[in-house]
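These are the residues of each chain, in order.
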Amino acid sequence: MAGHSQFKNIMFRKGRQDKERSKLFSKLAREITVAAKQGLPDPALNARLRAAIIAARAQNMAKDSIERAIKKASGGDAENIEEVRYEGYGPGGIALIVEALTDNRNRTAADLRAAFSKYGGALGETNSVSFMFNRVGAIAYPKEKGSDDAMLEIAIEAGADECASGDETHEFMTSIENFGEVRDALERKLGPAQSSKIEWRPRTMTAVSDENGETLVKLLETIEDHDDVQNVTGNYEFSDALMEKLSA
């Protein structure tokens, strides 16, 4: 299981998502606004906006809230928001990539630098760790859409690089260059995706000691809590024993 998925699984089992739903909605709304600002306000003609709305609906975000976030893009509030990527190392030398939407990159950088430092890590320069990751397109559908074999056939027809079928989802992977074409081909076959995004994936995973793993989770919690942070990706892998302990 990828490191980011492991952390999300821990937080979900702790019930932490329910406690911070308002913060989650705020981040989803910001992504919708920026997506609408950079493209057209029509999700049918704006793939990033369509993906952001799908993500919001998956979290049961109200239709009115989604519409307000889209309309906000036509005002002045979204003009100064920019996408920024921060890179650094966590405890045990774990590589981390933090993606943010911020109206003050100096403030966000200072906050993240303080968090990394507090938990035994260090914020680095741009491209200091990104070479350890691949930038890929990931398109997910619910498990009930079809059998593993059927999804593999559809992946080949759509031009996807691979299809990884898990317990709950089928995930189609593609290059950035083919992302739009593959996504559209899958939508024609299977309907709207559960999620559709371009993200960082570690090339190799690094096992974390249980001691460093507990500190790393605290760092990840702090980063995820930041209002400007949208995504955090790492190349860490927790032990089963630590997963069980942290999820209790």
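Asks: Mind laying out the overall build of the chain, listing which residues take part and the relevant values?
Replies: Counting secondary structure elements, the chain contains 10 helices and 10 strands. Here the chain has a C-alpha radius of gyration of 18 Å; the compact-globule value for 248 residues is 18 Å, and the two agree. Taking all 248 residues of the chain together, 44% fall into the buried category. Excluding contacts between residues fewer than 6 apart, the proportion of contacts in the chain whose partners are at least 24 apart in sequence is 72%. Summed over all atoms, the accessible surface of the chain reaches about 12900 Å², with 47% contributed by carbon and sulfur. Distance between charge centres in the chain, computed from 33 positive and 41 negative side chains, equals 5 Å.

Asks: Report on the sheet that holds strand β6 (residues 169-175), specifying residues and quantitative values.
Replies: Read across the sheet, four strands follow the order β5-β6-β4-β7 without closing on themselves; strand pairing throughout is antiparallel. Since the sheet does not close on itself, it has two edges, and those belong to β5 (162-165) and β7 (195-202), each with one partner. Each neighbouring strand pair of the sheet contributes to a mean axis angle of 30°, computed without reference to strand direction. Sheet analysis places strand β4 (residues 133-142) next to β7, joined by eight bridges and oriented antiparallel. Of the residues in β7, the one forming a bridge with alanine 138 is lysine 197.

Asks: If you had to explain the packing of helix α3 (residues 21-38) against helix α4 (residues 47-58) to someone new, which residues and values would you point to?
Replies: The geometry of α3 relative to α4 is characterised by a closest axis approach of 8 Å and an angle of 165° between their N-to-C directions. As judged from the angle between their axes, α3 and α4 are roughly antiparallel. Taken as a pair, α3 and α4 cross one another with a handedness that is left-handed. Packed against α3, whose contacting residues are Leu28, Glu31, Ile32, Val34, Ala35, Ala36 and Gln38, the element α4 presents Arg48, Leu49, Ala52, Ile53, Ala55 and Ala56 at the interface. Residues belonging to the contact of α3 with α4 are distributed by class as follows: 10 nonpolar, one polar and two charged.

Asks: Quick rundown of the sheet that holds strand β1 (residues 82-89)? Include the residues and the values.
Replies: Strand order in the open sheet formed by four strands is β3-β1-β2-β9, and the pairing between neighbours is antiparallel. Every other strand in the sheet has two partners, leaving β3 (122-123) and β9 (229-234) as the edge strands with one partner each. Judged from the eight bridges that link them, β1 and strand β2 (residues 95-102) form a sheet pairing that is antiparallel. Each bridged residue has a counterpart across the sheet, and for valine 84 the counterpart in β2 is alanine 100.

Asks: Can you explain α4? Please cite residues and give values.
Replies: With 12 residues, α4 ought to run about 16 Å at 1.5 Å a step, and its terminal C-alpha atoms sit 17 Å apart, in line with that. When α4 is considered as a whole, its buried residues turn out to be Leu49, Arg50, Ala51, Ala52, Ile53, Ile54 and Ala56. The inward-facing, buried residues of α4 abut α3, α5 (63-72), α8 (179-190) and β7. Capping the start of α4, asparagine 46 holds a side-chain oxygen 3.2 Å from the backbone nitrogen of arginine 48, two or three residues further along. Among the residues trailing α4, asparagine 60 stands out with phi positive, at a value near 65°.

Asks: Now, about unusual backbone geometry: what can you tell me, with residues and values included?
Replies: Although it is not a glycine, asparagine 60 adopts a positive phi angle of roughly 65°. By the element assignment, asparagine 60 lies in the loop between α4 and α5. The exposed category is assigned to asparagine 60, whose relative accessible area is 65%.

Asks: Explain α8 residue by residue, including any values.
Replies: Taking 1.5 Å per residue as the helical rise, α8 with its 12 residues ought to reach 16 Å, and the 16 Å between its terminal C-alpha atoms agrees with that figure. Within the span of α8, buried status applies to Phe179, Val182, Arg183, Ala185, Leu186 and Leu190. Seen along its axis, α8 keeps its buried residues to an arc of 165°; they face one direction. Turned more than 90 degrees from where α8 packs its buried face, Glu181 and Arg188 sit exposed. The secondary structure elements touched by the buried residues of α8 are α4, β4, α7 (148-158), β6 and β7. Immediately downstream of α8, the backbone of glycine 191 shows phi near 90°, a positive value.

So, how was this worked out
Residues numbered from 1 in each chain as written. Predicted model: local features only at pLDDT ≥ 70, side-chain atom pairs only at ≥ 80, totals over all residues. Heavy atoms only, no water. Helix = DSSP H or I, 4+ residues; strand = E, 2+ residues; numbered from the N terminus. Rg over C-alpha atoms; globule rule 2.2 N^0.38 Å. Buried < 20%, exposed > 50% of the residue type's maximum accessible area, 1.4 Å probe, protein only. Contact = heavy atoms within 4.5 Å. Areas by Shrake-Rupley, 256 points an atom, 1.4 Å probe, with all protein chains shown as cover. Lys, Arg positive; Asp, Glu negative; His and termini not counted. Charge placed at Lys NZ, Arg CZ, Asp CG, Glu CD. Pairing = 2+ DSSP bridges. Axes fitted to C-alpha atoms, helices over the stretch in contact; angles between N-to-C directions. Parallel < 35°, antiparallel > 145°, perpendicular 65-115°, else oblique. Left-handed = near helix turned anticlockwise from the far one by under 90°. Nonpolar A, V, L, I, M, F, W, Y, C, P; charged D, E, K, R; others polar. Expected span 1.5 Å × (residues − 1). Polar contact = N/O pair within 3.5 Å; in protein donor to acceptor, adjacent residues only side chain to side chain. Arc of directions from axis to C-beta.

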